[in-house]
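Structural features, examined
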Amino acid sequence: MRGGQDEGEGDFEAFVDARGPRLLRMAWLLTGDAHLAEDLLQTVLARVWPKWQKIADDHPEAYVRKALVHTHASWWRRRWRGEVPHGELPDRAATSDAYEGVELEQSLAAAVRALPVRQRAVVVLRYFEDLSVEETAATLGCATGTVKSQSAKALRTLRAVLPEYVGVRDDRG
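What counts, and at which threshold
- Residues numbered from 1 in each chain as written.
- Predicted model: local features only at pLDDT ≥ 70, side-chain atom pairs only at ≥ 80, totals over all residues.
- Heavy atoms only, no water.
- UniProt positions renumbered as here; feature names shortened; annotations may be inferred.
- Helix = DSSP H or I, 4+ residues; strand = E, 2+ residues; numbered from the N terminus.
- Patch = residues over 30% accessible without salt bridge, like charges linked within 9 Å, V, L, I, M, F, W, Y side chains within 5 Å.
- Areas by Shrake-Rupley, 256 points an atom, 1.4 Å probe, with all protein chains shown as cover.
- Salt bridge = Lys/Arg side-chain N within 4 Å of Asp/Glu carboxyl O.
- Lys, Arg positive; Asp, Glu negative; His and termini not counted.
- Charge placed at Lys NZ, Arg CZ, Asp CG, Glu CD.
- Buried < 20%, exposed > 50% of the residue type's maximum accessible area, 1.4 Å probe, protein only.
- Core = buried A, V, L, I, M, F, W, Y, C linked by side-chain atoms within 4.5 Å.
- Contact = heavy atoms within 4.5 Å.
- Phe/Tyr/Trp six-rings, centres within 6.5 Å; stacked < 30°, edge-to-face > 60°.
- Lys NZ or Arg CZ within 6 Å of the ring centre and 35° of its normal.

- As recorded in an unreviewed UniProt entry, the protein goes by the name SigE family RNA polymerase sigma factor, listed as coming from Streptomyces polyasparticus.
- UniProt's Sequence similarities (unreviewed entry) comment on the protein is quoted here verbatim: "Belongs to the sigma-70 factor family. ECF subfamily."

In C-alpha cells:
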C-alpha cells in the first residue's frame, strides 16, 4: 500500500496517467467536442473503476475503448436532435388586454381541476409536461389506448367548458 491506497487503486491511476490522453483523444474523435469528450471519458472511467480488479490483467485499454464506444452510442441514441437554435425569436401576437393571459390560466386551471383524476393526470402529463403517449402510459402504469381515450375524453370536456380557448386540433397521437 502507498499513502492509504491499495494496489488496485494505484494500478488504475497508473493506467489513467499512461493511457488517459490517448483515450481522451479517442473520446474527442467520437464526440467532436472537447467538453463532451471529457464527460464521456470520465463517465466510462467511473464505470470501469469498480471492475478494475477483474479487467486489469486482461487488456484493460481494449475494455475501456469498447466502453467508450458503447457509452457514446447510448448518449447519441438518447440525444434529441430536432431542435435547432436560432438567432431570432419568433414573432408574437400582440394582445390588447394585458390580463387576458391571467384569465386564460385561471379558467384553464379550474377546468383541468374539474376533470376526473385519471383524465387530469393524462392532460397534465401529455400537454403540460409534454410527454409522449408511451411515456404517459408508462408513468401511469396503463396501456397506451387508455391514455388516448382518457385524453380524448378530457379534451372533449375542456372544449365544451372553454370553447374559445381550446382549439379544434385533432388529438390522435
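Here we look at unusual backbone geometry
- With phi around 55°, H59 is a residue other than glycine that occupies positive phi space.
- By the secondary structure assignment, H59 is in the loop between α3 (52-55) and α4 (60-78).

Here's the deal with a negative patch on the surface
- On the surface, E129, D130, E134 and E135 cluster together into a patch of negative charge.
- Tracing the backbone shows E134 in helix α7 (residues 133-140).
- With a relative accessible area of 53%, E134 lands in the exposed category.

What about the nonpolar core?
- With 15 residues, the main nonpolar core has L23, V44, V48, W52, V64 and L68 as its most contacted residues.
- Where this core is concerned, the elements lending two or more residues are α1 (7-31), α2 (34-48), α3 and α4.
- In terms of residue count, the dominant contributor to this core is α2 (6 residues).
- Contact partners of V48, with chain neighbours within four places excluded, come to F12, I55, Y63 and V64.
- Judged by nonpolar contacts, the second largest core, of 8 residues, contains V112, L115, V123 and A154.

Re the packing of aromatic side chains
- Under the criterion given, the structure shown has 3 aromatic pairs.
- Pairing F12 with W49 gives two aromatic rings, centres 5.1 Å apart and planes at 55°, and the pair type is tilted. Note that F12 is positioned in helix α1 and W49 in the loop between α2 and α3, a separation of 37 residues in sequence.
- Exposure remark for W49: the relative accessible area of 37% places this residue in the partly exposed category.
- Aromatic pair F12 and W52: ring centres 5.1 Å apart, planes at 75°, arrangement edge-to-face. With a gap of 40 residues between them, F12 in helix α1 and W52 in helix α3 connect regions that are remote in the sequence.
- Among the aromatic residues, ring-to-ring pairing joins F12, F15, W49 and W52 into one connected group.
- Here the basic side chain of R126 rests over the ring of Y127, its NZ or CZ set 5.4 Å away from the ring centre.

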